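Read off the chains here:
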Amino acid sequence: MKRIMIGTILIIAIGMMACGNTNKNTQETTGVEQQEKKRSFQLPEVPVMLDTPEARATFVCEHYWDHFDFADTAYIHLPDITEQAIVNFMDLMPRVPKDLANRAMNILYQKAAPHSAMAWHFWETMSRYWKDANSPMKNEDMFILLCQSVESAEGVELIMKQRASFARNLAEKNRLGHPAIDFVYTTESGKQGRMYGLKADYTLLFFYNPDCHTCIEVKNAMRNSLKLKGLVGNGKMKVLTIYPDEDLALWRDRLNELSNTWINGYDKGQVLTHEALYDLSAIPSFYLLDKNKKVLLKDADWNEVMHFFEK
């Protein structure tokens, strides 16, 4: 994933207020050069009268896409131009007040909405960076604002609105600092229990698939972790592993790969999935809860869990 820190971009854009657009070229160019020049990304030229950082930042956010041709689908296949511009815009959003970020994303989708291919390209690219658990730019607050912008924009295809609505509803569940949603788990013996019935300073939820390659690596790391063994051994942590799918023969066949000091269960009837109680679009996935079942880590990886306790 490409990423340029927006601080540099913003400084460049703000600097334009004093010197105007220095990129204008009055020299004659060939047709090929003109075509290449047309397919580039141009930042907005900040008016000279905007003389405060806040005013200049507001102008850049609201006019960031003024010179981008959303009708030109060739840009979709030019990631060095388009994806880089998207990433820089995304990196700016968390750095400005939330109402300005919301307004900027609404403006973006008002411009993109009439152009279906480009609207989908922006949705998929921004979702990947803001939602993917492995993305260094993952940001649930910004992803929710993106979903709301897609939902509210006139002209956006219904299926995209529906997808954004579903994604937003899922993202708004089990948020950091809020109580996790309770659910029922079933163990190998058929005994059932409620997640809220586990009493410890911490509860670690591990959603996994027995034959997922990454899941296998994570299970090995968990079994070999002295930190995890210590927390479970002294009663400070309960580990609840959950298999959310329906192939119980596979699950039972691989139970020996899990520690018997953990509570190992499955989701009978796939309630978690059917009712979309947790975001299980990518596994393995960890949720770390405190003693009151408030979410400390959401959709985290194993390194994030260990880093939390190292701190």
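Because the structure is a prediction, the values reported are computed rather than measured.

**Description of the packing of aromatic side chains**
- For the structure shown, the criterion picks out 26 aromatic pairs.
- Judged by centre distance (5.2 Å) and plane angle (50°), the ring pair of tyrosine 64 and phenylalanine 89 falls under tilted. Taken together, the residues span a long stretch of sequence, with tyrosine 64 in the loop between helix H3 (53-63) and helix H4 (82-92) and phenylalanine 89 in helix H4 at a distance of 25 residues. A single burial state applies to tyrosine 64 and to phenylalanine 89, both of which are buried.
- Ring geometry for phenylalanine 68 versus phenylalanine 122: centroids 6.0 Å apart, planes at 65°, classification edge-to-face.

**With respect to the pattern of salt bridges**
- Taken as a whole, this structure holds 16 salt bridges when the rule is applied.
- Each member of the salt-bridge network shares a partner with another, and the members are Glu140, Asp141, Arg175 and Lys298.

**Topic: helix H8 (residues 158-171)**
- The end-to-end C-alpha distance of H8 is 20 Å, a good match for the 20 Å that 14 residues give at a rise of 1.5 Å each.
- For H8, the full list of buried residues reads Met160, Ala164, Ala167, Arg168, Leu170 and Ala171. Seen along its axis, H8 keeps its buried residues to an arc of 160°; they face one direction. Opposite the packed face of H8, turned more than 90 degrees from it, sit the exposed residues Leu158 and Phe166.
- Lining the buried residues of H8 we find helix H5 (98-112), helix H6 (116-131), helix H7 (140-152) and strand E7 (295-300).

**Some remarks on the side chain of lysine 298**
- The residue lysine 298 is located in strand E7 in this model.
- Relative accessible area serves as the criterion here: at 12%, lysine 298 is assigned to the buried category.
- A distance of 2.7 Å separates the side chain of lysine 298 from the backbone oxygen of lysine 173, its partner in a polar contact.
- Ignoring sequence-local partners within four residues, the contact set of lysine 298 consists of Lys138, Glu140, Leu170, Ala171, Lys173, Asn174, Arg175, Leu176, Phe286 and Tyr287.

**Considerations on the confidence of the model for the protein chain**
- Residue-level pLDDT values for the protein chain average 89, and 88% of them are 70 or greater.
- Every residue in residues 1-8 is under pLDDT 50, and counting partners more than four places away or in other chains gives 26 contacts.
- A low-confidence stretch, residues 11-34 (pLDDT under 50), is modelled with 22 contacts involving residues beyond four sequence positions or located in other chains.

**Section: the layout of surface pockets**
- Considering only enclosed or pocket space, the largest pocket measures out at about 410 Å³ in volume.
- Around the largest pocket sit 23 residues that line it, and Lys138, Glu140, Leu176, Lys298 and Asp299 are the ones nearest its centre.
- Examining the composition of the lining of the largest pocket, we find that 5 residues originate from one element, E7, more than from any other.
- Within the lining of the largest pocket, the residues separate by chemical class into 11 nonpolar, 3 polar and 9 charged.

**Examining the environment of glutamate 310**
- Note that glutamate 310 resides in helix H13 (residues 302-310).
- Linking glutamate 310 and lysine 227, residues 83 residues apart in sequence, is a C-alpha distance of 8.9 Å.

**Some remarks on the packing of H3 against H5**
- Relative orientation of the contacting elements H3 and H5 amounts to 30°, with a least axis distance of 8 Å. Overall, the two elements H3 and H5 adopt an arrangement that is roughly parallel. In this structure, H3 uses Ala57, Thr58, Cys61 and Glu62 to contact H5, whose residues at the interface are Leu100, Arg103, Ala104 and Ile107.

Conventions and cut-offs
Residues numbered from 1 in each chain as written. Predicted model: local features only at pLDDT ≥ 70, side-chain atom pairs only at ≥ 80, totals over all residues. Heavy atoms only, no water. Phe/Tyr/Trp six-rings, centres within 6.5 Å; stacked < 30°, edge-to-face > 60°. Helix = DSSP H or I, 4+ residues; strand = E, 2+ residues; numbered from the N terminus. Buried < 20%, exposed > 50% of the residue type's maximum accessible area, 1.4 Å probe, protein only. Salt bridge = Lys/Arg side-chain N within 4 Å of Asp/Glu carboxyl O. Expected span 1.5 Å × (residues − 1). Arc of directions from axis to C-beta. Contact = heavy atoms within 4.5 Å. Polar contact = N/O pair within 3.5 Å; in protein donor to acceptor, adjacent residues only side chain to side chain. pLDDT = per-residue confidence, 0-100. 1 Å grid on protein atoms, 1.4 Å probe; cavity = no way out; pocket = protein on both sides within 12 Å on 5 of 7 lines; lining within 4 Å. Points joined across faces, edges and corners; volume = space filled by probe spheres on them. Nonpolar A, V, L, I, M, F, W, Y, C, P; charged D, E, K, R; others polar. Axes fitted to C-alpha atoms, helices over the stretch in contact; angles between N-to-C directions. Parallel < 35°, antiparallel > 145°, perpendicular 65-115°, else oblique.

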